[in-house]
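Chain residues, written in single-letter form:
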Amino acid sequence: MFLLAIDWFLIIEKLVLVAFIVTLSMIVAMYATYGERKIAGWMQDRHGPNRAGPFGLLQPLADGGKLFFKEEIIPSVSNKFLFILGPALAMVTALLTSAVIPWGPSLTIGDRLVPVQIADINIGILYVFGVVSLGVYGIMIGGWASNNKFSLLAAIRGASQMVSYELPMGLALIAVLMLSGDLQMSKIVAGQLENGWNIVYQPIGFLIFFVCALAECNRTPFDLAEAENELNMGYHQEYSSMKLGFYLFAEYINMFISGVVMATLYFGGYDIPFVNEASWGIADYWLSIIGFVVLLSKAFFFIFMFMWVRWTVPRFRYDQLMKLGWKSLIPLALVNMLVTAAVILWLKK
Amino acid sequence: MQLTQRAKQVDRRPMTWLESIYLWNIAKGMMITLRHLFMKKKTVQYPEEKRTFSKVFRGLQILNRDEQGRENCTACGLCAVACPAEAISMEAAERQPGEEHLYREEKYAAKYEINMLRCIFCGYCEEACPKDAIYLSQTFAPSNYGRDGFIYKKQDLLIPHPIEDPAGFAKARGEKSVTN
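Residues numbered from 1 in each chain as written. Chains lettered and ligands numbered in written order. Predicted model: local features only at pLDDT ≥ 70, side-chain atom pairs only at ≥ 80, totals over all residues.

1. So, the overall build of chain A
Which entries qualify depends on this criterion: By definition, any uninterrupted DSSP run of H or I lasting at least four residues is a helix, any uninterrupted run of E lasting at least two residues is a strand, and each is numbered from the N terminus. When we talk radius of gyration, it's over C-alpha atoms, and the globule rule is simply 2.2 Å times the number of residues to the 0.38. Exposure classes come from backbone-placed C-beta atoms, where a residue is buried if 20 or more other C-beta atoms lie within 10 Å of its own, exposed if 12 or fewer do, and partly exposed in between. A pair of residues counts as a contact when their C-beta atoms, built from backbone coordinates, are separated by no more than 7 Å.
Tallying secondary structure elements over chain A gives 12 helices and two strands in all. Along chain A, from the amino end to the carboxyl end, the secondary structure elements read α-α-α-β-β-α-α-α-α-α-α-α-α-α. Relative to the globule expectation of 20 Å for 349 residues, the C-alpha radius of gyration of chain A, 21 Å, shows essentially globular dimensions. Counting only C-alpha atoms and orienting by the principal axes, one finds that chain A spans roughly 60 × 50 × 45 Å. Here chain A holds 349 residues, and the buried ones make up 42% of them. Long-range contacts, defined here as pairs at least 24 residues apart, represent 80% of the contacts in chain A between residues at least 6 apart.

2. A closer look at the overall build of chain B
Counting its secondary structure elements, chain B contains six helices and five strands. Counting from the amino terminus, helix and strand elements in chain B follow one another as α-α-β-α-β-β-α-β-β-α-α. Taken over C-alpha atoms, the radius of gyration comes to 26 Å for chain B, far larger than the 16 Å a tight globule of 180 residues would show. Here chain B holds 180 residues, and the buried ones make up 18% of them.

3. Describing the packing of helix H5 (residues 149–180) of chain A against helix H8 (residues 203–216) of chain A
All names here are of chain A. This is how it is decided: Axis definition: a line fitted to C-alpha atoms, limited for helices to the stretch in contact. Angles are taken between N-to-C directions and run from 0 to 180 degrees. An angle below 35 degrees is read as roughly parallel, one above 145 as roughly antiparallel, one from 65 to 115 as roughly perpendicular, and any other as oblique. What makes a crossing left-handed is the near helix being turned counterclockwise from the far one by less than a right angle; a clockwise turn instead makes it right-handed.
Two elements in contact, H5 and H8, have axes whose closest approach is 9 Å; the angle formed by their N-to-C orientations is 155°. Classified by the interaxial angle, the pair formed by H5 and H8 is roughly antiparallel. In this structure, H5 crosses over H8, and the sense of that crossing is left-handed. Packed against H5, whose contacting residues are Gln-161, Met-162, Tyr-165, Pro-168, Met-169, Ala-172, Leu-173, Ala-175 and Val-176, the element H8 presents Gly-205, Ile-208, Phe-209, Cys-212, Ala-215 and Glu-216 at the interface.

4. Describing the interface of chain A and chain B
The line we're drawing: Residue classes follow a fixed rule: Ala, Val, Leu, Ile, Met, Phe, Trp, Tyr, Cys and Pro count as nonpolar, while Asp, Glu, Lys and Arg count as charged, and any other residue, Gly among them, counts as polar.
Of the residues lining the interface, nine residues belong to chain A; the matching set on chain B comes to 10 residues. Of the residues in the side of chain A that touches chain B, the class split is five nonpolar, two polar and two charged.

5. Observations concerning the sheet that holds strand E3 (residues 107–115) of chain B
Residue and element names in this part refer to chain B. The following threshold applies: In short, DSSP must find at least two bridges between two strands for them to pair.
Pairing is antiparallel across the open sheet formed by three strands, whose spatial order is E2-E3-E5. Of all the strands in the sheet, the pair left with one neighbour each is strand E2 (88–94) and strand E5 (151–152). Taken together, the seven bridges between E2 and E3 define a ladder with antiparallel strand orientation. Counted as the bridge partner of Ile-88 is Ile-114 from E3.

6. Regarding the environment of Leu34(B)
Within the secondary structure layout, Leu34(B) lies in helix H2 (residues 23–37). Sequence spacing of Leu34(B) and Cys129(B) is 95 residues, and the spatial spacing of their C-alpha atoms is 55 Å.

7. Some thoughts on the pairing of E3(B)
By the bridge criterion, two bridges tie E3(B) to E5(B) in an arrangement that is antiparallel. Counterpart to Asn115(B) in the pairing with E5(B) is Ile151(B).

Shown next, in the form of structure tokens:
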């Protein structure tokens, strides 16, 4: 008996894919912390972590172990349920975003076509936006439930920052949607395979998107939510042990996912530039693997960009942040959108 | 007034349009950090690598011996008097017949203690000593688990015997280069 035309193979296939993607996000996030510290070190003429294992490669494991064994403190005046919900929500929303990303060209196993994508829903990019906006709740609930004025202030800052920067991000994206004519992630990538990468048509849109992605991930220069010198530690001040680890981890997963989203939307997803890989005549599982690696390397480049910006630019002041968001980025995104629309109309006339 | 030629006047002109969109300046800054990514690292990897000290570096004290390995110290107490931190204490004893190979003169320090938690490494003990018996060496960073361990006894302070352990003696004297 089949319910909803879902057969066992589909369930197994999706489960395997989910497990793989979640594990991958975790590992990438783990080693992103290592990469962050190494790059920070190199940019400051230091070596970075180099004691745990060869080249310090075991450092993330040591950090994780340390966080697990630290004492777990829940403030007695906090709301316990919400206090635990905060980091859990941050982690879940960070992981959820990866569901709609096409990780590579489709595979053929037996006589089935297996897309390397967990859910190819037709509102893909809206789903990404929906989940990313839910990420605010992780910060907001965590900061509020701590019952600490610094946490609360940081959470308010974080929430208003994320809400403000979602607008120009969405406006920049509308121009992309006009080009592709579809919200489905796989079709956006397919369109770029045909017509060339969106970055060629939307350089300003990409710039706006990148700046907003920095703000959405709470990265420097927009890490107002964890401004140590003003707010002690920010919204996770009262957190300790693995709950703190979850918050920090979620930030790195967000970085990875936003890198992948940027690669998918503007840099052709799993497309290899300047070559037609379909004409090589190699088995399609090789194509899938190559496409996947290409997408990952694009995402890693964006992670490097995030870190590079972080260790170059100092933190914005709060009024500068709001001014940049509302008075510069939103008008710029609107103009970009209108110009794109006008050009599309003119070409189709 | 300028103390050095490196001082720069702060530019308080309002930002130009190019500066007000930040991007150009951020790009310039990012090129600087990118250059630093490939520069030689300034770190001295401490336990494996040690930095060179100047010849007058004042580290932990050592009690000196002469070429035949006899202790120089006569327990006169001048170092203890000179010590501003009152870190040095000692007890004198008389040399017995048959101990001439151990002590250079007829009086010696039976007990000699320096409290390294009090010592400020000023080097006045070295200056005060008329017998060339106490020196500040190139060794530094004493570490211990308890306070008692920081009270250095005579056997902790004595230089290695020049005949039985010539390499250790030379190293403690700083005659071999103490670099890396």
